[in-house]
Every structure is written in structure tokens, then in C-alpha cells.
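# Analysis of the macromolecular model
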Amino acid sequence: MISQNAIDTLRHTEIGTRGLFIDGAQSQGIAGATLPVISPIDGRVFASIADGNAADVDRAVTSARKAFEKGSWSRAAPAFRKKVLSRLAELVEKHADELAVLGVRDNGTEIGMAYKAEPLSAAGTIRYYAEAIDKVYGEIAPTAENVLGLIHKEPLGVVGVIVPWNFPLMIGAWKVAPALAAGNCVVVKPPEIASLTLLRLAELAADAGLPAGVLNVVTGRGAVTGEALGLHMDVDAIAFTGSGPVGRRLLDYSARSNLKRVFLELGGKSPNIVFAAAPDLKQAAVVSANGIFRNSGQVCVAGSRLLVQASVYDRFMDELVSATTRLKVGDPLDLTSDIGAVSSAEQLDKNLGFVARAQIEGARLVTGGERILAETGGSYMAPTIFENVTQNMQLAREEVFGPVLGVMRFDTEEEAVRLANSTVYGLASAVWTANLSTAHRMVRAINAGVVHVNTYGGADITVPLGGVKQSGFGRDKSLHALEKYLELKTAWIAL
Ligand code: NAD
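First, a word on what this report is: a plain description of the structure on this page.

Here is what the cut-offs are and how they apply
- Residues numbered from 1 in each chain as written.
- Predicted model: local features only at pLDDT ≥ 70, side-chain atom pairs only at ≥ 80, totals over all residues.
- Heavy atoms only, no water.
- Salt bridge = Lys/Arg side-chain N within 4 Å of Asp/Glu carboxyl O.
- Helix = DSSP H or I, 4+ residues; strand = E, 2+ residues; numbered from the N terminus.
- Buried < 20%, exposed > 50% of the residue type's maximum accessible area, 1.4 Å probe, protein only.
- Phe/Tyr/Trp six-rings, centres within 6.5 Å; stacked < 30°, edge-to-face > 60°.
- Lys NZ or Arg CZ within 6 Å of the ring centre and 35° of its normal.
- Axes fitted to C-alpha atoms, helices over the stretch in contact; angles between N-to-C directions.
- Parallel < 35°, antiparallel > 145°, perpendicular 65-115°, else oblique.
- Left-handed = near helix turned anticlockwise from the far one by under 90°.
- Contact = heavy atoms within 4.5 Å.
- Nonpolar A, V, L, I, M, F, W, Y, C, P; charged D, E, K, R; others polar.
- Near = heavy atom within 4 Å.
- Polar contact = N/O pair within 3.5 Å; in protein donor to acceptor, adjacent residues only side chain to side chain.
- Areas by Shrake-Rupley, 256 points an atom, 1.4 Å probe, with all protein chains shown as cover.
- Core = buried A, V, L, I, M, F, W, Y, C linked by side-chain atoms within 4.5 Å.
- Pairing = 2+ DSSP bridges.
- Right-handed = clockwise from strand over helix to strand, strands pointing away.

## A look at the pattern of salt bridges
If you walk through the whole model with that rule in mind, you get 23 salt bridges. Between Asp236 and Arg65 there is a salt bridge, with its nearest N and O atoms 2.7 Å apart. In this pair, Asp236 sits in the loop between helix H8 (222–231) and strand S11 (237–241) while Arg65 sits in helix H2 (residues 54–70), placing the two residues 171 residues apart along the sequence. Between Asp134 and Lys82 there is a salt bridge, and its shortest N-O distance comes to 3.0 Å. In this pair, Asp134 sits in the loop between helix H5 (111–132) and strand S6 (139–140) while Lys82 sits in helix H3 (residues 78–94), placing the two residues 52 residues apart along the sequence. Under the relative-accessibility criterion, Asp134 is labelled partly exposed at 31%.

Here it is, written out as C-alpha cells:
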């Protein structure tokens, strides 16, 4: 674990202006424009990044294609790719303190969580796919005697990776690592408000021996660089995590360009369902509070809709409010804080807009609902709970992506299932019950990519993550994610 001493040494490191990373080296954007990097910790500018444009994206894609055609990565023995990626995992671990603090200055995530979720988890992901890739075999089809049917697995070519700001390094690694392990060349478009760790990852990859052009990073605004990547005729696939509206655009870009495949990990409005038969109501309340409020609610799988069985409603709410008000919101670079800053002033305004609308629509504010620590100049928000939320309210239907929880009560299992499945999303969920049959029935009945039982959140690289309905399609993590980055080719050979 990182120490407070190490954090304090790193927190004021001069960053300066960071360029794009193309063809194995840092370079300025063609137009020379930059974007300020504002820390949500104190609202101050602490660095700047290149504001790339479509010509920069084209330069990066050209470099990736050239590297792919050259074959020194794409056609290298999997054992070689394993070696380089394992070295990269080691370097990420070695630089974990630096990466964690850099990321927190960028997006405000509390350092304890950031340290584990960003560098450590990214290193684990990179190592997982490095170790997997020399265990992936082709197939021989069960054909008639006079033919031989071979099924080859080949890299796709150039993969574009577009990620959000909540956990850029972790989510970036979920896509970059399997794509590279499979032999693809990659162009990453980081989120404009949190680009620094992915730029550093590309430098570490070069240090680890990744050939030039195999991993490129183009920073800049989504509507410019993201669009250019999505529309590029020489990009074979886009792996995206982010909001639904941008996901829709990417499908449109694909249709308007070269029909590149698009994998979408989108938002959620995940139900967390507490039955009266929960094994331990107090523990359920503590975990549920963390399940929505950690990282200021900026977690795609956050349990943002809490459904509580009426017979234990009052008891559970008492425990929940007490667990919530105990959470310390503060400087994300202070190890005693439980929750850091909201990622940006814009996101904070958006969250407060949801609070105002919930009040107008008749939900009852139980705690929070306001900006706090304004004197720091940063973007901090009190964990917020609304009750008496009904299905027609915005808070029951739309993703906030902030520390705002909507609570509803239910009487029967059927009602819980109906409420749980009543949004356009289907990313995560949880069920709290000691009744094994109820738990298994709920796992089957809930439309979501993940159902937690008697816990919220928590998973590792061995299991897939992704959604159903408008939470998107395609899965990150696990060996299943590797399949997205491999093309099947049939050889039909007459004997
Ligand atoms: P966003 O959709 O605004 O941005 C995501 C990325 O897309 C950024 O890099 C952005 O620059 C880029 N982008 C923006 N406009 C673009 C365009 N026109 N063309 C191409 N790219 C464009 O999302 P965000 O605000 O960064 O992140 C929050 C969203 O991400 C939430 O909806 C959250 O649920 C979702 N999310 C999902 C998962 C998951 O695994 N399903 C994980 C984390 C976050």
C-alpha cells in the first residue's frame, strides 16, 4: 500500500505539457494546441495536454497500421508478446505510487481506492493476458476424411480504444492488454479530463520493449479525436467504455465509415435489492453505502437504485444513513478520506441538477444533496440519499454517475424483480438474502451482466464485465474478452 509520505512527495510533482504518444515517441499535436488539466482537488490547473485533431489521429492510425503490417508484434511468437507484456506489468507495479498519485490529481478518486483500482489492477490485467496468450490454440474441424478444416485465430489489425475518466488506467488496461496480447496494434483516445496515466502507460510500454507504433495515445476532445477514430477507414475495431449517447455515435460512425466492429460498455442504473432475509442487515447497509458512494458514485456498476423490503425498511434505512454519514469526504490524497472529489466542476453541477429535479418531482431528501468543502476550490459533494422515489422520476430512470442514491420499497419478490428490470439499463445488480432459493431465482430473473449476492461490487479479472439492454454489448475481462480481439479464419484443404 502507498504511504502518506510517498503521496506527499509526489503530489506537487511538476508535470508540464504532455504531448501525444505516436510511433514510440512523444510529439506535439500537428496544430500545436493544448488543453489545461484542472485538478478537481482544488480547481487549479496543474498540467496541460496536447489537444489533438483528426490529422493527429490519422498519424497514429498510420503508425499503428505500419507496425501491424511489419509484423514484429502482430506476427511475433506469442511467447515474445508474453515477455514484453509481463515486463510492462512489472514496470506498472514499480511505478504504482507515481501512477496512482498522477491519476488522483487528474480525476479526484480517493488514493486508497485509486492505488488498487488503477496501477495495481492494470498491472494484474496486463499480466493476465500476457500469460494467457501462449495458451490460445487454433482448431481442427471434425470434417470428412478427404478434407482438413483448420480454424486460425488472427489479430484484427488496428484497434481504437476510447475510455472514460473514472478509472482510465484500469478500464484502458481491460482493452489494451487483450488487444495487444492478441497481436493487434492500438490507438488509445483517453478521456480529456484524465489522460495523464494512459500517456505514462505508453511510455512504460516502450521501456518494456513494445515496438514503436504498436501502442499510440492521442489526447484531445472526444468530439474531435474520438470522432476521428470512430470514422477512420483504417481502424478495424473500437473498444469503448463511456456513456450511452457517445456509444450510439460510435455505432453511427461505424455505419458511415468501414463497418468497423464496435464493443460498447455503457452506463447503468443498477438495482441493489435488500430482502428481509438478508443475513446481516447492518453489514448490508455498510456495503450498500460503499456500493453507491465510493469514488463519489462514479462507478459504472454503482448500486444507484436501492430496493428495500417493507418489513425491514425503517431498520435498514437507519443503518444506511448512519453508515453514509460516517463516510469522510475530503482531500483524495489524504489516506484518511473515504471519498475524494467529484471528477470535475461540470460533473458536480450535473449531479446537483439531479438533486434539484428529484426534489421538484417529490422525492424526500434524507441526507446530503449539496456541494461541500467549497473553500478548497475543489469539487466535493456530500453523499446523498433520496427516499420515496417512484418509477416515473428521473432519479429512478437516468444514470447520475454521482453520489446520489434513490431508495424505493417493495413487498414481494415479484415486485422486486419488476422494479429491478424496469430501466433501459442492465449492467450490475445485487440481492441480499440468506434464502438460497430466492437468491438463485433472483440471479435468473434480473436482466443484468452481473448479479452480486450478499455483497456489492468486487470481482476480479477472471470474470467478465459488461451489460445487457442499453448498457451495451461485448465483455471486458476474463478469457472471453480476448475473443473480441481475435478474428477466425477458416482454411479448407482438400487432401
Ligand atoms: P463519455 O461517453 O462522455 O466519454 C467517454 C469517452 O468518449 C471519453 O474519452 C470521451 O472523450 C469520448 N468521447 C466523447 N465524445 C465523443 C464522440 N463524439 N466520439 C467519440 N468519442 C467521444 O463518458 P464519461 O463521462 O467519460 O464516463 C461516464 C460514463 O461511462 C457513464 O455513463 C458510465 O456509466 C460509463 N462507464 C461504463 C463502464 C462499464 O464498464 N460499463 C465503466 C465505467 C464508466
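Still more to cover.
## Some words on the packing of aromatic side chains
This model, assessed by the stated rule, comprises 5 aromatic pairs. Ring plane angle 65 degrees and centroid distance 6.1 Å describe the contact between Phe263 and Tyr485, whose orientation is recorded as edge-to-face. Pair noted here: Phe263 is in strand S12 (residues 261–265) and Tyr485 is in the loop between helix H16 (478–484) and strand S23 (486–494), with a separation of 222 residues, a long-range link. Relative accessible area serves as the criterion here: at 13%, Phe263 is assigned to the buried category. Between Phe275 and Phe410, the aromatic rings sit 5.3 Å apart at their centres with planes inclined by 80 degrees, giving edge-to-face as the arrangement. In this pair, Phe275 is assigned in the loop between strand S13 (271–274) and helix H10 (281–293) and Phe410 in strand S19 (residues 404–410), connecting sequence segments 135 residues apart. Positioned above the aromatic ring of Tyr313, the side-chain terminus of Arg409 is 3.8 Å from the ring centre.

## Here we look at the packing of H3 against helix H7 (residues 196–207)
How two helices sit against one another is set out by the angle between their axes and by the gap between those axes. At their nearest, the axes of H3 and H7 sit 9 Å apart, and the two run at 130 degrees to each other. Viewed along their axes, H3 and H7 adopt a mutual orientation that is oblique. The way H3 lies across H7 gives a crossing that is right-handed. Of the residues in H7, those in contact with Leu88, Leu91 and Val92 of H3 are Leu201, Leu204, Ala205 and Asp207. Grouping the constituent residues of the contact of H3 with H7 by class yields 6 nonpolar, no polar and 1 charged.

## Topic: the site of the ligand
As a matter of local geometry, the ligand sits amid 29 residues, with Val163, Lys189, Glu192, Ser243 and Glu399 nearest to it. One of the backbone nitrogen or oxygen atoms of Gly242 is found 3.4 Å away from an oxygen atom of the ligand. A distance of 3.0 Å separates a nitrogen atom of the ligand from a polar side-chain atom of Tyr253. Isolated, the ligand exposes 850 Å² of accessible area, and the fraction of that covered by the protein chains is 90%. Elements with a contribution of two residues or more to the shell around the ligand: H8, S11 and helix H9 (244–256). In terms of residue count, the dominant contributor to the shell around the ligand is H8 (4 residues). Its residues placed into classes, the shell around the ligand shows 16 nonpolar, 7 polar and 6 charged.

## As for the environment of Tyr456
Along the chain, the position of Tyr456 falls in the loop between strand S21 (452–453) and strand S22 (472–473). Accessibility expressed as a relative area gives 6% for Tyr456, which makes it buried. Note: C-alpha distance between Tyr456 and Leu335 (121 residues apart in sequence) is 23 Å. For Tyr456, the contacting residues outside a window of four places in its chain are Ser270, Pro271, Asn272, Val287, Gly291, Val301, Ala302, Gly303, Ala428, Ser429, Ala430 and Trp432. Among the polar contacts listed, one links the side chain of Tyr456 to the backbone oxygen of Val301, at a separation of 2.6 Å. A polar side-chain atom of Tyr456 sits 3.3 Å from the main-chain amide nitrogen of Gly303.

## Quick look at the nonpolar core
Counting 135 residues, the largest nonpolar core has Leu88, Ile126, Val186, Phe316 and Leu320 as its most contacted members. With 11 residues, H5 is the single largest residue contributor to this core. Once residues within four sequence positions are removed from consideration, Phe316 is found in contact with Val274, Leu281, Ala284, Ala285, Ser288, Leu306 and Val308. Counting residues in hydrophobic clusters, the runner-up holds 27 residues, among them Leu307, Ala358, Ala420 and Ala448.

## Digging into the pairing of strand S14 (residues 305–309)
The buried fraction of S14 amounts to 5 of the 5 residues, a majority that puts the element mostly inside the structure. Side-chain alternation along S14 places Arg305, Leu307 and Gln309 on one buried face and Leu306 and Val308 on a second face that is also buried. Across 4 bridges, the pairing between S13 and S14 is parallel. Directly across from Ile273, in S14, lies its bridge partner Leu307. You can see the chain leave S13, run along H10 and come back into S14, and the turn it takes is right-handed.

## What to know about the packing of helix H6 (residues 168–181) against H7
Close contact between H6 and H7 brings their axes to 8 Å; oriented N to C, the two are set at 50 degrees. Looking at the two axes, H6 sits oblique to H7. Between H6 and H7 lies a crossing of right-handed hand. Between H6 and H7, the contacting residues are Pro168, Leu169 and Gly172 on the first element and Thr197, Leu198 and Leu201 on the second. When its residues are assigned to classes, the contact of H6 with H7 shows 4 nonpolar, 2 polar and no charged.

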